[in-house]
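For reference, the chains in residue letters:
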Amino acid sequence: YNERGYWTGPTWLDQSWFAYTGLRTYSARQGAESLGDLAQQIKRRVFNVGVGFRAPDTTPLNEHYDAETGEPLGATHFSWTAAHTLMWLLDNHDAQQTLMF
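As the structure is a computational prediction, the values presented were derived from the model and not from experiment.

Visitor: Please explain the packing of helix 1 (residues 13-30) against helix 2 (residues 33-49) as it appears in this structure.
Guide: A pair of packed helices is characterised by two quantities: the angle between their axes and the separation of those axes. For the pair helix 1 and helix 2, the least separation of the axes is 7 Å and the interaxial angle reads 155°. Considering the angle they form, helix 1 stands roughly antiparallel to helix 2. Judged by the sense of rotation from one axis to the other, the crossing of helix 1 with helix 2 is left-handed. Only Glu33, Leu35, Gly36, Leu38, Ala39, Gln40, Ile42, Lys43 and Val46 of helix 2 make contact with helix 1, whose side of the interface consists of Leu13, Ser16, Ala19, Tyr20, Leu23, Arg24, Tyr26 and Ser27. Residues that form the contact of helix 1 with helix 2 fall into these classes: 10 nonpolar, four polar and three charged.

Here it is, written out as structure tokens:
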């Protein structure tokens, strides 16, 4: 583990999303509540620790984040972070009611 290593420490939102959805899927299929609980813990930690995810914080969404402090790392205004943030926000919502296109 290296908190400043490129792939060996930071939190990447796309990878966190894949872990979250995988755990939720297996929890639902296997009836394993502990996996669903772990998925929710991942989601809470990403948004509670990561800088730039809470109002009125206007820090741009970044490529990846320090896993311990939530400090933004890498490129700013990163599209996959924005996309996965929206996916998490829309999770558990009826897309037809939420989107206004």
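Visitor: Honestly, the side chain of lysine 43 in this entry has me stumped. Any pointers?
Guide: Structurally, lysine 43 is set in helix 2. Excluding its chain neighbours within four sequence positions, the residues that come into contact with lysine 43 are Tyr20, Trp88, Asp91 and Asn92.

Visitor: For this particular structure, what's the right way to read the pairing of strand 2 (residues 72-76)?
Guide: Side-chain direction in a regular strand flips from residue to residue, so the side chains alternate between the two faces of the sheet. For strand 1 (residues 62-65) and strand 2, the ladder comprises three bridges, and the chain directions are antiparallel. Pairing of asparagine 62 across the sheet is with threonine 76, part of strand 2. If you look at the hairpin formed by strand 1 and strand 2, you'll find six residues sitting between the two strands, and glycine 70 has a positive phi there, around 80°.

Visitor: I would appreciate a short explanation of the environment of arginine 4 in the present structure.
Guide: Mapped onto the fold, arginine 4 is located in the segment before helix 1. Under the relative-accessibility criterion, arginine 4 is labelled partly exposed at 48%. Measuring from C-alpha to C-alpha, the distance between arginine 4 and leucine 89 comes to 28 Å, with 85 residues separating the pair along the chain. In this structure arginine 4 touches Asp66, Glu71 and Leu73, once residues within four positions along its chain are discounted.

Rules behind the numbers
Residues numbered from 1 in each chain as written. Predicted model: local features only at pLDDT ≥ 70, side-chain atom pairs only at ≥ 80, totals over all residues. Heavy atoms only, no water. Axes fitted to C-alpha atoms, helices over the stretch in contact; angles between N-to-C directions. Helix = DSSP H or I, 4+ residues; strand = E, 2+ residues; numbered from the N terminus. Parallel < 35°, antiparallel > 145°, perpendicular 65-115°, else oblique. Left-handed = near helix turned anticlockwise from the far one by under 90°. Contact = heavy atoms within 4.5 Å. Nonpolar A, V, L, I, M, F, W, Y, C, P; charged D, E, K, R; others polar. Pairing = 2+ DSSP bridges. Buried < 20%, exposed > 50% of the residue type's maximum accessible area, 1.4 Å probe, protein only.

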